[in-house]
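Take a look at the letters that make up each chain.
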Amino acid sequence: MGSKDLVIRVRSSEKMHRFTFSNQSASTIDLLKKVCEELKDSPENYSMHMDQKPSSPAVPVSQRNLLNKFPNGQIFYLVRSPHASVIEPEEPMQTEEANKELAMDAVDVQLFADKGKIERGRDEKLCRHGPNGRCIHCSPLEPYDEAYLKEHNIKHLSFHSYLKKMSSSASGSKFVGMEDLVCKIKPGCKDHLPWPKGICSKCQPSAITLNRQSYRHVDNVMFENPRLVERFLNFWRSTGYQRIGFLYGRYESHADVPLGIRATVAAIYEPPQENSRDLVKLLPDERQEIVDSLAQALGLRRVGWIFTDLVVDDPKQGTVKNLRGIESHFLSAQECITAGHFQNQHPNFIHKSQFGSKFVTVCVTGDKNNQVHMEGYSVSNQCMALVRDNCLVPTKDASELGYIKNSTNEQYVPDVFYKVTDEYGNEVQRLARPLPVEYLLVDVPASTPLSPQFTFLANQSVHNRTHFPIENRLVDNQIQDFNALTTYYQQFNLLNGGSNTAEMARKFLEAVSDFHVLLYIATMEMLPLKGHMAPLLEAVRSEDAEAAWTWSRTSQWTTVEQLMLAAAGSDMSARSSFLPMNEAPPQIPPLPSAAPWVCNYCTFENQAQHSSCEMCNLPR
């Protein structure tokens, strides 16, 4: 070995690797590639660290990071990250949008910086020190203290409490298991033919033993006010059919649980779907990107989904049947698979790698007293992995049981086990064919606050007003169209004008401060305004009535108001107010009854017997 040779060591899960570099331009990417050649794996699946601690930052892997900056004999620690690429591009091509996708949520950043200590006051009976002293009876507790959690009836650790417990010296472990479970064969193994002709211990996924998850990523689901759920349930009350909706809100810290996270729901969006009394089928949604971008502009994001499972028991008393419970099931296997699918679509990012999900599931069903109530859940990380790798399917006859697929020539499925206590009190292991789905569930309390909150002002003051219809409801009096927008807008007396500009501005902000109204304005077929709504959305988000009123004076919205006047049949009365008192408004001669007529607004040619346009519903 020459005097200028550099020795670098890398500790992997298999052994200590030793490399010698004589080239002064060798970089960390060259080192990572050499290690992966020995491991027969892809470099995108690994990150390198200079410390064994899991919280230590990863070493940048790029051609610009040269190895000659490190001392001779430097040891790197290799960590497998199967769902996150750690290789940096050769040039700084990382976009801002990509960074946002991999960035942690603001609430996670806040809780990572918080020690989470549970403060205790001085115990008058046990403490023998002065007011400035501390002892074991009044010193702060750790956020994962079992006695405190049991005393306050906290069933699950919060996710950040779990991280602190795993990384603490008291746990006896230096590492936190932050890797997602993998249930499929590791690709790229060159020691044998591909499955089903060959498999080895290096590429074969390990057998899985299901454990009840001791922590949860979200500790509470809070709907801002009861009207959100009531508007959602109106579809079931009017049709008897079940319904699905997506929850839009934000993640906040939850003070009732140490280092807890709460999902606060501000709106429920109902996607296109086919409904019946026993089944709901989701349909492709062409407006999903518009909905998500609209919510993002309002400071919201998709945080979960909600569905009903309600059957009338006594119509006179308004009771519903109790269909779910410990004797039957909490969620069916199909619902668990759907929840796992949604959670995989909305992963939780921790230090630019994904682990678990904050996406929640809310079921509206009957309780033991036959009253309508909400139950919140999420599925475990193990369930997410089984769903992601297509290993879990529902059973045909028992909704409370899932089934782990058998291996085929197309797919290898690892053995999955769960533990139960037999009739002799012994803990025995059973194959998950079938599988009770309660091993996959984590319950999350769902409720509404004592003091209602309102992100959207239209939900706050609707004493004698009619709500704007919710999207994708094909039910009488619940269809979104321009006539419905006109009827809704007329309730605020904005079309007739007024002298008090401040009062008009307040009414306009109240009128448009509704998620469903904003979505319809952005996507209405007659005059979609999604490209002009940024100032309005900012005004609604900040509750700035003056800014909202300024936007209402733009040409786009004044055009919509003119169309509303025409649809309401008040265009002639609005014009006559500008005529002299002794001059009558001009008379429009009637058209021949047999001739078709062309709409002045959308140019659609209508039959003579129609008094309004078949295309845009505006009057003749």
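Note that the structure is predicted; figures quoted are calculated from it, not measured.

1. Some remarks on the pattern of salt bridges
Side-chain pairs of opposite charge can arise where the charged atoms are in close proximity. Per the stated rule, a full pass over the model turns up 23 salt bridges. Here Arg216 ties to Asp219 by a salt bridge, and the two come within 3.4 Å at their closest N and O atoms. We note that Arg216, like Asp219, is buried. A salt bridge links Arg250 to Glu224, with the nearest nitrogen and oxygen atoms 2.7 Å apart. Of this pair, Arg250 sits in strand β9 (residues 244-254) while Glu224 sits in the loop between β8 (220-223) and α6 (226-239); the two residues are 26 residues apart in sequence, bridging distant segments of the chain. Looking at Glu224, the relative accessible area reads 2%, which means it is buried. Each member of the salt-bridge network shares a partner with another, and the members are Asp105, Asp108, Arg301 and Lys358.

2. Quick look at the packing of helix α3 (residues 106-113) against helix α5 (residues 159-167)
Between α3 and α5, the shortest axis-to-axis distance is 10 Å and the interhelical angle comes to 40°. One finds that α3 runs oblique with respect to α5. In terms of crossing hand, the pair formed by α3 and α5 is right-handed. Together, Asp108, Leu111 and Phe112 of α3 and His160, Leu163 and Lys164 of α5 make up the contact between the two elements. When its residues are assigned to classes, the contact of α3 with α5 shows three nonpolar, one polar and two charged.

3. Let's talk about the packing of aromatic side chains
According to the stated counting rule, one finds 21 aromatic pairs in the structure shown. When the centroid spacing of 5.9 Å and the interplanar angle of 50° are considered together, the rings of Phe342 and Phe359 count as tilted. Highlighted residues: Phe342 in helix α8 (residues 333-345) and Phe359 in the loop between β17 (353-357) and β18 (360-366), separated in sequence by 17 residues. The same class applies to Phe342 as to Phe359, namely buried. For the pair Tyr418 and Tyr439, a centre-to-centre distance of 5.0 Å together with 55° between the ring planes defines the contact as tilted.

4. Topic: the sheet that holds strand β20 (residues 392-394)
Sheet architecture is open: three strands sit in the order β20-β21-β24, paired in antiparallel fashion. Every other strand in the sheet has two partners, leaving β20 and β24 (435-436) as the edge strands with one partner each. Bridge count for β20 against strand β21 (residues 401-404) is three bridges, and the pairing is antiparallel. Paired with Val393 across the bridge in β21 is Tyr403. Helix-sheet contacts for α8 involve β20 and β21, and the interaxial angle to β20 is about 140°.

5. Thoughts on helix α7 (residues 288-297)
Among all positions of α7, only Gln288, Val291, Leu294 and Ala295 are buried. For α7, the buried positions fall inside an angular range of 130° around the axis, keeping them on one side. The exposed residues of α7 that point more than 90 degrees off its buried face are Glu289 and Gln296. Here the buried face of α7 lies against β9, β10 (260-269), β13 (301-308), α12 (515-523) and α13 (534-542). Of the residues one or two after α7, Gly299 is the one with positive phi, at around 80°.

6. What to know about the sheet that holds strand β22 (residues 416-421)
Whenever strands of a sheet pair, they do so through backbone hydrogen bonds, lying parallel or antiparallel. Spatial ordering of the open sheet is given by β6-β22-β23, a layout of three strands whose pairing is mixed. With one partner strand each, in any of the chains shown, β6 (208-210) and β23 (427-431) form the two edges of the open sheet. Ignoring which end each strand starts from, the neighbouring axes of this sheet average 35° apart. Bridge count between β22 and β23: five bridges; the pairing is antiparallel.

7. Thoughts on the environment of Cys135
Among the structural elements, Cys135 can be located in the loop between α3 and α4 (146-151). For the pair formed by Cys135 and Asp123, sequence separation is twelve residues and the distance between their alpha carbons is 9.7 Å. Look past the residues within four positions of Cys135 in its chain and what remains in contact with it is Cys127 and His129.

8. Section: unusual backbone geometry
A cis amide bond links Trp195 with the next residue in sequence, Pro196, at an omega value of 15°. As for its position among the elements, Pro196 is in the loop between α5 and β6. At the junction of Arg433 and Pro434, the peptide bond is cis and its omega measures out at 5° in the coordinates. Among the structural elements, Pro434 can be located in the loop between β23 and β24. Even without being glycine, Asn370 reaches a positive phi, approximately 60°. Within the secondary structure layout, Asn370 lies in the loop between β18 and β19 (372-379). Assessed through its relative accessible area of 23%, Asn370 is described here as partly exposed.

9. Considerations on the nonpolar core
Generally speaking, a soluble globular protein has its nonpolar side chains buried in company with each other. Ranked by internal contacts, the top residues of the largest apolar core, which has 83 residues, are Phe508, Leu518 and Met533. By residue number, the principal contributor to this core is α12, which donates seven residues. Every residue in contact with Phe508, bar those within four places of it in the chain, is listed here: Tyr489, Leu494, Leu536, Ala548, Trp549, Trp551, Ser552 and Trp557. Val107, Leu233, Ile306 and Val364 belong to the second largest nonpolar core, which has 26 residues in total.

10. Observations regarding the environment of Val420
Looking at where Val420 falls in the secondary structure, it is placed in strand β22. Since its relative accessible area comes to 17%, Val420 is described here as buried. Separated by ten residues in the primary sequence, Val420 and Arg430 place their C-alpha atoms 7.5 Å from one another.

11. Observations concerning the confidence of the model for the protein
Across the protein, the average pLDDT comes to 82, with 86% of residues at or above 70. Looking over the protein, one finds the lowest element-wise mean pLDDT in helix α16 (residues 571-576), namely 39, and the highest in β13, namely 95. Residue range residues 82-101 is modelled with pLDDT below 50. Its contacts to residues more than four positions away, or to other chains, number 30 contacts. In the model, residues 570-594 has pLDDT below 50 throughout and makes 14 contacts with residues more than four positions away in sequence or in other chains.

12. Here's the deal with the side chain of Asp219
Along the chain, the position of Asp219 falls in the loop between β7 (215-216) and β8. Here the side chain of Asp219 touches Arg216 through a polar contact of 3.4 Å, side chain to side chain. Discounting chain neighbours no more than four positions away, the residues touching Asp219 are Leu157, Ser158, His254, Val257, Gly260, Ile261, Val444 and Pro445.

13. Side note on the packing of helix α10 (residues 482-490) against helix α15 (residues 555-567)
For the pair α10 and α15, interaxial distance at closest approach is 10 Å and the crossing angle is 95°. On the basis of the axis angle, α10 is roughly perpendicular to α15. Residues Phe482, Asn483, Leu485, Thr486 and Tyr489 of α10 lie in contact with α15, whose contacting residues are Trp557, Val560, Glu561, Leu563, Met564 and Ala567. Class assignment of the residues belonging to the contact of α10 with α15 gives a composition of eight nonpolar, two polar and one charged.

Thresholds, definitions, all that
- Residues numbered from 1 in each chain as written.
- Predicted model: local features only at pLDDT ≥ 70, side-chain atom pairs only at ≥ 80, totals over all residues.
- Heavy atoms only, no water.
- Salt bridge = Lys/Arg side-chain N within 4 Å of Asp/Glu carboxyl O.
- Buried < 20%, exposed > 50% of the residue type's maximum accessible area, 1.4 Å probe, protein only.
- Helix = DSSP H or I, 4+ residues; strand = E, 2+ residues; numbered from the N terminus.
- Axes fitted to C-alpha atoms, helices over the stretch in contact; angles between N-to-C directions.
- Parallel < 35°, antiparallel > 145°, perpendicular 65-115°, else oblique.
- Left-handed = near helix turned anticlockwise from the far one by under 90°.
- Contact = heavy atoms within 4.5 Å.
- Nonpolar A, V, L, I, M, F, W, Y, C, P; charged D, E, K, R; others polar.
- Phe/Tyr/Trp six-rings, centres within 6.5 Å; stacked < 30°, edge-to-face > 60°.
- Pairing = 2+ DSSP bridges.
- Arc of directions from axis to C-beta.
- Core = buried A, V, L, I, M, F, W, Y, C linked by side-chain atoms within 4.5 Å.
- pLDDT = per-residue confidence, 0-100.
- Polar contact = N/O pair within 3.5 Å; in protein donor to acceptor, adjacent residues only side chain to side chain.

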